[in-house]
Amino acid sequence: MDRNPSPPPPGRDKEEEEEVAGGDCIGSTVYSKHWLFGVLSGLIQIVSPENTKSSSDDEEQLTDLDEEMENEICRVWDMSMDEDVALFLQEFNAPDIFMGVLAKSKCPRLREICVGILGNMACFQEICVSISSDKNLGQVLLHCLYDSDPPTLLETSRLLLTCLSQAEVASVWVERIREHPAIYDSICFIMSSSTNVDLLVKVGEVVDKLFDLDEKLMLEWVRNGAAQPLDQPQEESEEQPVFRLVPCILEAAKQVRSENPEWLDVYMHILQLLTTVDDGIQAIVHCPDTGKDIWNLLFDLVCHEFCQSDDPPIILQEQKTVLASVFSVLSAIYASQTEQEYLKIEKVDLPLIDSLIRVLQNMEQCQKKPENSAESNTEETKKTDLTQDDFHLKILKDILCEFLSNIFQALTKETVAQGVKEGQLSKQKCSSAFQNLLPFYSPVVEDFIKILREVDKALADDLEKNFPSLKEPYAKSPDVMRWLLSPFTWSAR
């Protein structure tokens, strides 16, 4: 049976039709107020002191839900997606009833449904503000993050993400979470141990939203995850500091990848946010095992998973955000810790160059406009395109070019020779690289050409012909030299 079955069609018996006809329906829906009152009253009875006391010796009654009651409350869960129903539940103080259930009931299924209903109600701004302003309800909902039931954790995460996405109340929830340090431990435990990919993705979205909203909280979580302070003298401990947060993120990413790599976007963006602060970068690279594992995961994704040579160029449109995050993290690791052992062991430069150039080539294909399309030439269409796909592609291009320039600066003569031999630095690929790197990274390209000339002078000359700006000024231009030395030039001065 589905966990959240769709409600059955409205009743067709004569009595129910008379109730609806008599103004019993909720708003513009066909749902019955009388029926809903009955279900909510049943919930109150479940958690009433008398019922709780009488069933205290019967563990099965505490944890199981009557099938009929489950079906009815599931109908309410589905109905709560309707704004009229959600507002009616709010008017009837249903959140207080659900709060009582969450505080007293030990039935996982019932707790899941109640949080799910609140999550649906919070999708509407007015109700979201009301729920968020209730301090007691907020405490109870945050306590649900300590639950051991994955479906309840999933619905709680969904509700939190909904509230954090509302600008009016986001700061309220961020502050509440900051006041409950145990939430950090619970989230780390979920990310490091859960095999429920739906839950991992939703929890990842909550963490991503929290870090995006509040850098201070992100720094607190990074620092709180250290087994010892970052400023502790090295001689006081033989072991490197162990950062809990990053390994937990890594474990969650691995689990999500095993199910579907396309769902990795959120965890890649979390890592990208961490690289925006120095403590975050240190948390990634400071521990050799964690740094190596993250590097290897991302390296494998760009070399063997995303935007491959046999994929159509249009695939870049679907993968542009996750690629931007992945390459951004790789670039940060490469730039900040190029002396790390795990970067020296692997021959990373040439495979990364190949991947970077392949993405840039696909980007060129995606950005080509139909020549005979009148619509594409209108000013309005150009503005629309720029604010959508082109904007994200531009961000990706900036990341790729900066990363590629850093790799080019680290290339040795031996690596260039190997790249020319194996095809990663062919004329076509070098041309694609230069086309994107110039003119902003001209010194880098010029230094690369000098090395390339020692390896393959003919290839270097061909590239210079295609990119005249790479030629040294005047020295390789007889026409310019003759102009400078002509009597007319000097007399004119």
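Remember, it's a predicted structure, so these values are computed and weren't measured experimentally.

Draft legend 1. Fine view of the overall build of the chain. Of regular secondary structure, the chain possesses 30 helices and zero strands. Counting across all 493 residues of the chain, residues that qualify as buried make up 48%. Here the contacts in the chain between residues at least 6 apart in sequence split such that 73% fall between residues at least 24 apart. Counting every atom, the chain has about 25,200 Å² of accessible surface; 50% of that belongs to carbon and sulfur.

Draft legend 2. Summary view of the packing of helix α16 (residues 245-259) against helix α17 (residues 265-274). Where α16 meets α17, the axes come as close as 10 Å, and the angle between the chain directions of the two elements is 155°. Taken together, the axes of α16 and α17 lie roughly antiparallel to each other. Both α16 and α17 take part in a crossing whose hand is left-handed. Together, Val 246, Ile 249, Ala 252, Ala 253 and Val 256 of α16 and Tyr 267, Met 268, Ile 270, Leu 271 and Leu 274 of α17 make up the contact between the two elements. Here the residues of the contact of α16 with α17 sort into ten nonpolar, no polar and no charged.

Draft legend 3. Spotlight on the side chain of Arg 178. Looking at the secondary structure, you find Arg 178 in helix α12 (residues 170-178). A distance of 3.0 Å separates polar atoms of two side chains, one belonging to Arg 178 and the other to Asp 214. Contacts of Arg 178, omitting those with residues within four sequence positions, involve Asp 214, Lys 216, Leu 217 and Glu 220.

Draft legend 4. The arrangement of the environment of Arg 223 in detail. In this fold, Arg 223 is placed in helix α15 (residues 215-224). Sequence spacing of Arg 223 and Asp 279 is 56 residues, and the spatial spacing of their C-alpha atoms is 7.7 Å. Within the structure, the side chain of Arg 223 is placed 2.6 Å from the side chain of Asp 279, a separation counted as a polar contact.

Draft legend 5. Main features of the pattern of salt bridges. Applying the stated criterion across every chain yields a total of 19 salt bridges. The partner of Arg 158 in a salt bridge is Glu 155, and the shortest N-O contact between them spans 3.0 Å. One end of the pair is Arg 158 and the other is Glu 155, both in helix α11 (residues 150-164) and three residues apart, which spans about a single turn. Judged by relative accessible area, Glu 155 falls into the buried class, the value being 9%. Across the salt bridge formed by Arg 257 and Asp 300, the nearest N and O atoms sit 2.7 Å from each other. In this pair, Arg 257 sits in helix α16 while Asp 300 sits in helix α19 (residues 288-304), placing the two residues 43 residues apart along the sequence.

Draft legend 6. Spotlight on the packing of helix α25 (residues 413-422) against helix α27 (residues 442-455). Where α25 meets α27, the closest approach of the two axes is 9 Å, and the angle between their N-to-C directions is 70°. Between α25 and α27, the angle falls in the class roughly perpendicular. The hand of the α25/α27 crossing is right-handed. Contacts between α25 and α27 involve Lys 413, Val 416, Ala 417 and Val 420 from the former and Phe 448, Ile 451, Leu 452, Glu 454 and Val 455 from the latter. Per-class residue counts for the contact of α25 with α27 are seven nonpolar, no polar and two charged.

Draft legend 7. Here's a closer look at the nonpolar core. Core analysis: the largest hydrophobic core is formed by 151 residues, its most contacted members being Phe 211, Trp 221, Tyr 267, Met 268, Phe 327, Phe 408 and Phe 434. The leading source of residues in this core is helix α20 (residues 315-336), at eleven residues. For Met 268, the contacting residues outside a window of four places in its chain are Ala 253, Leu 298, Leu 301, Val 322, Ser 325, Val 326 and Val 329.

Draft legend 8. Unusual backbone geometry, seen in detail. Residue Leu 438 is joined to Pro 439 through a cis peptide bond whose omega torsion reads 0°. Residue position: Pro 439 is located in the loop between α26 (427-437) and α27. Its identity is not glycine, yet Asn 93 carries a phi of approximately 60°, on the positive side. Considering the arrangement of structural elements, one finds Asn 93 in the loop between α6 (83-91) and α7 (94-104).

Draft legend 9. Spotlight on α7. Within α7, eight of the eleven residues are buried, leaving the element largely enclosed by the surrounding structure. What α7 keeps buried is the set Ala 94, Pro 95, Ile 97, Phe 98, Met 99, Gly 100, Val 101 and Leu 102. Where α7 is buried, its residues meet α2 (33-46), α6, α8 (108-121) and α10 (135-143).

Draft legend 10. Structural view of the state of the cysteines. Tallying each qualifying case throughout the model produces zero disulfides. Between Cys 163, a free cysteine, and Cys 128, which holds the nearest cysteine sulfur, the sulfur-to-sulfur gap is 3.9 Å. A relative accessible area of 0% means that Cys 163 is categorised as buried.

Draft legend 11. Region of the structure containing the environment of Val 359. When you line up the elements, Val 359 lands in helix α22 (residues 349-366). With 36 residues separating them in the primary sequence, Val 359 and Leu 323 have C-alpha atoms 9.0 Å apart. With residues up to four places along the chain from it excluded, the contact list for Val 359 reads Cys 307, Leu 316, Leu 323, Phe 327, Leu 396 and Leu 400.

Draft legend 12. Region of interest: the packing of aromatic side chains. Taken as a whole, this structure holds eleven aromatic pairs when the rule is applied. Judged by centre distance (5.6 Å) and plane angle (75°), the rings of Phe 434 and Phe 467 are edge-to-face. Separated by 33 residues along the polypeptide, Phe 434 in helix α26 and Phe 467 in the loop between α28 (457-466) and α29 (478-485) bring together distant segments of the chain. According to the relative accessible area criterion, Phe 434 is buried, its value standing at 0%. Put simply, the rings of Trp 295, Phe 299, Phe 327, Tyr 334 and Phe 403 touch in pairs and so form one group of aromatic residues. The cationic tip of Arg 75 hangs over the ring face of Trp 35; the distance from NZ or CZ to the ring centre is 4.4 Å.

Draft legend 13. Structural context of the confidence of the model for the chain. When pLDDT is averaged along the chain, the result is 83, and 78% of the positions lie at 70 or above. pLDDT under 50 marks residues 474-485. Its contacts with residues more than four places away, or in other chains, come to eleven contacts.

About the cut-offs
Residues numbered from 1 in each chain as written. Predicted model: local features only at pLDDT ≥ 70, side-chain atom pairs only at ≥ 80, totals over all residues. Heavy atoms only, no water. Helix = DSSP H or I, 4+ residues; strand = E, 2+ residues; numbered from the N terminus. Buried < 20%, exposed > 50% of the residue type's maximum accessible area, 1.4 Å probe, protein only. Contact = heavy atoms within 4.5 Å. Areas by Shrake-Rupley, 256 points an atom, 1.4 Å probe, with all protein chains shown as cover. Axes fitted to C-alpha atoms, helices over the stretch in contact; angles between N-to-C directions. Parallel < 35°, antiparallel > 145°, perpendicular 65-115°, else oblique. Left-handed = near helix turned anticlockwise from the far one by under 90°. Nonpolar A, V, L, I, M, F, W, Y, C, P; charged D, E, K, R; others polar. Polar contact = N/O pair within 3.5 Å; in protein donor to acceptor, adjacent residues only side chain to side chain. Salt bridge = Lys/Arg side-chain N within 4 Å of Asp/Glu carboxyl O. Core = buried A, V, L, I, M, F, W, Y, C linked by side-chain atoms within 4.5 Å. Disulfide = S-S within 2.5 Å. Phe/Tyr/Trp six-rings, centres within 6.5 Å; stacked < 30°, edge-to-face > 60°. Lys NZ or Arg CZ within 6 Å of the ring centre and 35° of its normal. pLDDT = per-residue confidence, 0-100.

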